[in-house]
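If you want the building blocks of each chain, they are given just below.
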Amino acid sequence: QSVLTQPPSASGTPGQRVTISCSGTYSNIGRNTVNWYQHLPGTAPKLLMFSDDQRPSGVPDRFSGSKSGTSASLAISGLQSDDEADYYCEGWDDSLNGVVFGGGTKLTVL
Amino acid sequence: EVQLVQSGAEVKKSGESLRISCKGSGYRFNTYWISWVRQMPGKGLEWMGKIDPSDSGANYSPSFQGHVTISADKSIATAYLQWSSLKASDTAIYYCARHKYSDSSVLDYWGQGTLVTVSS
């Protein structure tokens, strides 16, 4: 059981907007920023969003992040077939004194 | 260009020891923490622990404390993940990743992964 909770799956059609949620507690999301990773099978995970809503260089602005209280969200607009991947939220947990991940959300582009 | 290059796939038997490596290049290795992350077959990412290469100080997830050892040799810009006695349940892909900032969990660069297969 992961410390951060994500829906196991999400889906959308090309061009749609989809949102992936990430729920935590005060000791992680409530006190620290949230990061998101995109993971394609057989490849290294890729940093997609950091510090709640900051995009690394090269990540298109179709991807956006937000946080409120103990929950965070990743939104993908203008969905493309290349976006089909697993998405993970992640943050620091002060109680565990370590990094925690969500269980991952498998995004399917229909 | 920042790169983390991991050692190759391993096939081991239960009870054997193993050390896998992660070599950093393109940046000052001792300035950035390195974490190790496990992905078991068909499962999600799990943080195992991290090391500060400047002083080799490591801390571990409670789930992995006592079962693995994380170390680093800053003179050759390499971090290690080590087992003294493997179990079949250690079969997984292991990734190393660099922390973008000190005191931050942001993992900005990742190694390509090392597949470890342990047979019973």
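Residues numbered from 1 in each chain as written. Chains lettered and ligands numbered in written order. Predicted model: local features only at pLDDT ≥ 70, side-chain atom pairs only at ≥ 80, totals over all residues. Heavy atoms only, no water.

Enumeration according to the criterion identifies seven aromatic pairs over all chains in this entry. The interplanar angle of 75 degrees and the centroid separation of 6.0 Å between the aromatic rings of Y95(B) and W110(B) together place this pair among those described as edge-to-face. Of this pair, Y95(B) sits in strand β9 (residues 92-99) while W110(B) sits in strand β10 (residues 107-110), placing them 15 residues apart in sequence. Overall, Y95(B) belongs to the buried group, its relative accessible area being 2%. Between the NZ or CZ atom of K50(B) and the centre of the ring of W33(B), over which it lies, the distance is 3.9 Å. Sitting over the face of the ring of F50(A), K100(B) holds its NZ or CZ atom 5.0 Å from the ring centroid. (Phe/Tyr/Trp six-rings, centres within 6.5 Å; stacked < 30°, edge-to-face > 60°. Helix = DSSP H or I, 4+ residues; strand = E, 2+ residues; numbered from the N terminus. Buried < 20%, exposed > 50% of the residue type's maximum accessible area, 1.4 Å probe, protein only. Lys NZ or Arg CZ within 6 Å of the ring centre and 35° of its normal.)

For the rest of this paragraph, the subject is unusual backbone geometry. At N97(A), a residue that is not glycine, the phi angle is positive and equals roughly 55 degrees. Structurally, the position occupied by N97(A) is in the loop between β7 (85-93) and β8 (98-101).

Moving on to the state of the cysteines. All names here are of chain A. A full pass over the atoms with the stated rule returns two disulfides over all chains. Between the sulfur of C22 and that of C89 lies a disulfide, 2.0 Å long from S to S. On the sign convention where negative is left-handed, the bridge of C22 and C89, at about 75 degrees about the S-S bond, is right-handed. Here the residue C22 occupies a position in strand β2 (residues 18-23), and C89 occupies one in strand β7, the gap between them amounting to 67 residues. (Disulfide = S-S within 2.5 Å.)

To continue, consider the interface of chain A and chain B. Contacts between the two partners involve 18 residues from chain A and, on the opposite side, 20 residues from chain B. Around 1500 Å² of area is buried between chain A and chain B when both sides are counted, 68% of it from carbon and sulfur atoms. Together, P45(A), V99(A) and F101(A) form the three largest contributors to the area buried by chain A at its contact with chain B, with a combined 32%. For the pair chain A and chain B, the number of links is six residue pairs in polar contact (both at pLDDT 80 or more). Breaking the side of chain A that touches chain B down by element, the ones donating at least two residues are β3 (34-39), β7 and β8 of chain A. (Contact = heavy atoms within 4.5 Å. Buried area = accessible area lost by both parts, 1.4 Å probe. Polar contact = N/O pair within 3.5 Å; in protein donor to acceptor, adjacent residues only side chain to side chain.)

A few words on the pattern of salt bridges. Residue and element names in this part refer to chain A. All told, the structure shown has five salt bridges over all chains when counted by the stated rule. Of the charged contacts, one joins D94 and R31 as a salt bridge, the two residues approaching to 2.4 Å between their closest N and O atoms. On the criterion of sequence distance, the pair formed by D94 in the loop between β7 and β8 and R31 in the loop between β2 and β3 is long-range, its members being 63 residues apart. For K67, the salt bridge goes to D52, with nearest N and O atoms at 3.8 Å. Of the two residues, K67 is situated in strand β5 (residues 63-68) and D52 in the loop between β4 (46-49) and β5; the sequence distance between them amounts to 15 residues. Take D52: its relative accessible area is 14%, and that puts it in the buried class. (Salt bridge = Lys/Arg side-chain N within 4 Å of Asp/Glu carboxyl O.)

Our focus in this paragraph is the side chain of D52(B). Residue and element names in this part refer to chain B. By secondary structure assignment, the location of D52 is in strand β5 (residues 45-52). Buried within the structure, D52 lacks any salt-bridge partner; its nearest side chain of opposite charge belongs to K50, at an N-O separation of 7.0 Å. The contacts of D52, once residues within four sequence positions are left out, are N30, W33 and G57. (Lys, Arg positive; Asp, Glu negative; His and termini not counted.)

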